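One-letter residues, chain by chain:
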Amino acid sequence: AILNDIPSGTYNMMATHSDYKERRGESKSRITIRFGSTCKKSITMYELKGKNRLTVKVRGYGGGAPVKGTRVTVTHIMAPLVREAFSKTVGSDGLFFADLLGGKYHVKLSAPGYKETLTVANVSPRISNSPQPTRLTMSLYPTRATQQALAEKARAEREAQRNRNSSRQTNAAE
């Protein structure tokens, strides 16, 4: 672009285009214009090639087993201005996939008996024909009631194991 009749001074210049991504801050520049002079500035941008994949792996607290039935909701951080949003319930593998445009997204996990978990995912813009997937592993933390129920279940299992061991010892002694 050629701009004419700009008063002398120092300006912040920025170039944007919906089909292009800036190159490490190179779309922003500070320029000084002096009366009667010409100023040239090059800006490098990458053409966007489509969407990249976001993969979310949902696990129980401490890297435990997948939490089947977890609802994963992904919403662009600029919603409702950018209408990129997905929601899906994960299966027994605990995996969620979405193909998204580059940007920042809120990723929310919710499951019965667990505290809601929220994080921000930075999905890279796709600037080549090769995808650059973003991978997250997120943990769900049980509510107090779920923790108590899990502790009671573990106690009952230990008691049952002790009873089995005790009956084996009794049978072996006879």
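Our subject is the structure that appears above.
Summary of the structure given here. Just so we're clear, the structure is a prediction, and the values are computed from it rather than from any experiment.

**What to know about the pairing of strand β5 (residues 52-60)**
Phase 1: Most of β5 is tucked away: seven of the nine residues are buried.
Phase 2: Alignment of β5 against strand β8 (residues 95-100), held across six bridges, turns out to be antiparallel. Within the sheet, the bridge partner assigned to Lys57 lies in β8 and is Leu95.

**Considering the layout of surface pockets**
Phase 1: Here the largest pocket is characterised by a volume of approximately 610 Å³.
Phase 2: For the lining of the largest pocket, the leading source of residues is strand β1 (residues 9-14), giving three residues.
Phase 3: The residue inventory of the lining of the largest pocket, partitioned by class, reads ten nonpolar, six polar and four charged.

**A word on the packing of aromatic side chains**
Phase 1: As enumerated under the stated definition, the model contains one aromatic pair in all.
Phase 2: Centre to centre, the rings of Tyr61 and Tyr141 are 5.1 Å apart; their planes meet at 55°, and the pair counts as tilted. With Tyr61 in the loop between β5 and β6 (71-76) and Tyr141 in strand β12 (residues 134-142), this pair connects stretches of sequence that are 80 residues apart.

**Section: the nonpolar core**
Phase 1: Membership of the largest hydrophobic core comes to 19 residues, with the highest contact counts inside it found for Leu54, Val56, Val72, Val74 and Val107.
Phase 2: Listed by contribution, the elements that provide at least two residues to this core are β5, β6, β8, β9 (103-110), β11 (117-123) and β12.

**A few points about the side chain of Thr70**
Phase 1: With respect to the secondary-structure elements, Thr70 resides in the loop between β5 and β6.
Phase 2: Engagement of the side chain of Thr70 in a polar contact is seen with the backbone oxygen of Val67, the distance being 2.7 Å.

**A look at the pattern of salt bridges**
Phase 1: Per the counting criterion, the structure on display carries three salt bridges.
Phase 2: Of the charged contacts in the structure, one is a salt bridge between Asp99 and Arg53, with a shortest N-O distance of 3.0 Å. Of the two residues, Asp99 sits in strand β8 while Arg53 sits in strand β5, which places them 46 residues apart along the sequence.
Phase 3: Overall, Asp99 belongs to the partly exposed group, its relative accessible area being 37%.
Phase 4: Classification of Arg53 by relative accessible area gives partly exposed; the value is 36%.
Phase 5: The salt bridge partner of Arg162 is Glu159, with a shortest N-O separation of 2.9 Å. You can see Arg162 and its partner Glu159 sitting in helix α1 (residues 144-173), three residues apart, about one turn around the helix.

About the thresholds
- Residues numbered from 1 in each chain as written.
- Predicted model: local features only at pLDDT ≥ 70, side-chain atom pairs only at ≥ 80, totals over all residues.
- Heavy atoms only, no water.
- Buried < 20%, exposed > 50% of the residue type's maximum accessible area, 1.4 Å probe, protein only.
- Helix = DSSP H or I, 4+ residues; strand = E, 2+ residues; numbered from the N terminus.
- Pairing = 2+ DSSP bridges.
- 1 Å grid on protein atoms, 1.4 Å probe; cavity = no way out; pocket = protein on both sides within 12 Å on 5 of 7 lines; lining within 4 Å.
- Points joined across faces, edges and corners; volume = space filled by probe spheres on them.
- Nonpolar A, V, L, I, M, F, W, Y, C, P; charged D, E, K, R; others polar.
- Phe/Tyr/Trp six-rings, centres within 6.5 Å; stacked < 30°, edge-to-face > 60°.
- Core = buried A, V, L, I, M, F, W, Y, C linked by side-chain atoms within 4.5 Å.
- Polar contact = N/O pair within 3.5 Å; in protein donor to acceptor, adjacent residues only side chain to side chain.
- Salt bridge = Lys/Arg side-chain N within 4 Å of Asp/Glu carboxyl O.

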